[in-house]
Amino acid sequence: QVQLVESGGGLVQPGRSLRLSCAASGIILRGNVMGWYRQGPGKERELVATISSSGITTYADSVKGRFTISRDSAKNTVSLQMNSLKPEDTVVYYCNYKGGLYATWGQGTQVTVSS
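Residues numbered from 1 in each chain as written. Predicted model: local features only at pLDDT ≥ 70, side-chain atom pairs only at ≥ 80, totals over all residues. Heavy atoms only, no water.

A.B. asks: Could you clarify how one ought to interpret the overall build of the chain in this entry?
C.D. replies: What the chain contains, in helices and strands, is zero helices and 11 strands. If you list the helices and strands of the chain from N to C, you get β-β-β-β-β-β-β-β-β-β-β. A compact globule built from 115 residues would reach a C-alpha radius of gyration of about 13 Å, and the chain, at 13 Å, matches this within 12%. With the C-alpha coordinates of the chain rotated into their principal frame, the extents come out at 40 × 25 × 20 Å. (Helix = DSSP H or I, 4+ residues; strand = E, 2+ residues; numbered from the N terminus. Rg over C-alpha atoms; globule rule 2.2 N^0.38 Å.)

A.B. asks: Any chance you could explain the packing of aromatic side chains here in plain terms?
C.D. replies: To describe a pair of aromatic rings, one takes the distance between the centres and the angle between the planes. A complete count under the given rule lists two aromatic pairs for this structure. Taking the centre distance of 5.0 Å and the plane angle of 80 degrees together, the rings of Y37 and W105 count as edge-to-face. Of the two residues, Y37 is situated in strand β4 (residues 33-39) and W105 in strand β10 (residues 102-105); the sequence distance between them amounts to 68 residues. According to the relative accessible area criterion, Y37 is buried, its value standing at 13%. A centroid spacing of 6.2 Å and a plane angle of 55 degrees characterise the contact between Y97 and Y102, whose relative ring orientation is tilted. When the ring centre of Y94 is taken as reference, the NZ or CZ atom of R45 above it lies at 3.6 Å. Here the guanidinium or amino end of R45 rests over the ring plane of W105, the centre of that ring lying 4.5 Å away. (Phe/Tyr/Trp six-rings, centres within 6.5 Å; stacked < 30°, edge-to-face > 60°. Buried < 20%, exposed > 50% of the residue type's maximum accessible area, 1.4 Å probe, protein only. Lys NZ or Arg CZ within 6 Å of the ring centre and 35° of its normal.)

A.B. asks: What should I look at first to understand the nonpolar core in this one?
C.D. replies: The tendency in soluble globular proteins is for nonpolar side chains to be buried side by side. In terms of nonpolar packing, the biggest core is built from 26 residues, with W36, L80, M82 and Y93 touching the most fellow members. Contributions of two or more residues to this core are made by β1 (2-7), β3 (18-26), β4, β5 (46-52), β7 (67-72), β8 (77-82), β9 (91-99) and β11 (109-113). (Core = buried A, V, L, I, M, F, W, Y, C linked by side-chain atoms within 4.5 Å.)

A.B. asks: So what exactly am I meant to see when it comes to the state of the cysteines here?
C.D. replies: One covalent bond between the sulfur atoms of two cysteine residues makes up a disulfide. All told, the structure shown has one disulfide when counted by the stated rule. Between the sulfur atoms of C22 and its disulfide partner C95 the distance amounts to 2.1 Å. Its S-S torsion of about -85 degrees marks the bond between C22 and C95 as left-handed, since a negative value means left-handed. Here the residue C22 occupies a position in strand β3, and C95 occupies one in strand β9, the gap between them amounting to 73 residues. (Disulfide = S-S within 2.5 Å.)

A.B. asks: Looking at this model, I keep getting lost on the environment of N83. Mind explaining?
C.D. replies: Assignment of secondary structure puts N83 in the loop between β8 and β9. Sequence separation between N83 and G106 is 23 residues, and the spatial gap between their C-alpha atoms is 22 Å. Apart from residues no more than four positions distant in its own chain, N83 is found in contact with R16, S17, R66 and F67. (Contact = heavy atoms within 4.5 Å.)

A.B. asks: Could you clarify how one ought to interpret the side chain of T109 in this entry?
C.D. replies: Position of T109 relative to the elements: it lies in strand β11. For T109, a relative accessible area of 11% translates into the label buried. Once residues lying within four places of it in the same chain are set aside, the contact partners of T109 are E6, G9, L20, W36, V91, V92 and Y93.

This is the structure in structure tokens:
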């Protein structure tokens, strides 16, 4: 039903910023939740931030005050502005869509924070 394509990952030095984007296409329900999750090697995928179609946001404690999630519902895109990046943020980030009983994931984009 929905296809997600992430972009914006890459290599950045600690303390710098990066912006991830996710473009959704297909049948998008009016009421939905989109978000960003991340997963390191050998670890479970964990929530980073979510935003509903009504604008309600949630954040993991580890990123509060540093990351900001936003969306443009008219364009079906979701962005994650990542500031003050730390080496611990070096993982693969995945875009997620949930609408009704349906959920899907993007392919993932690598973020590497290193000097």
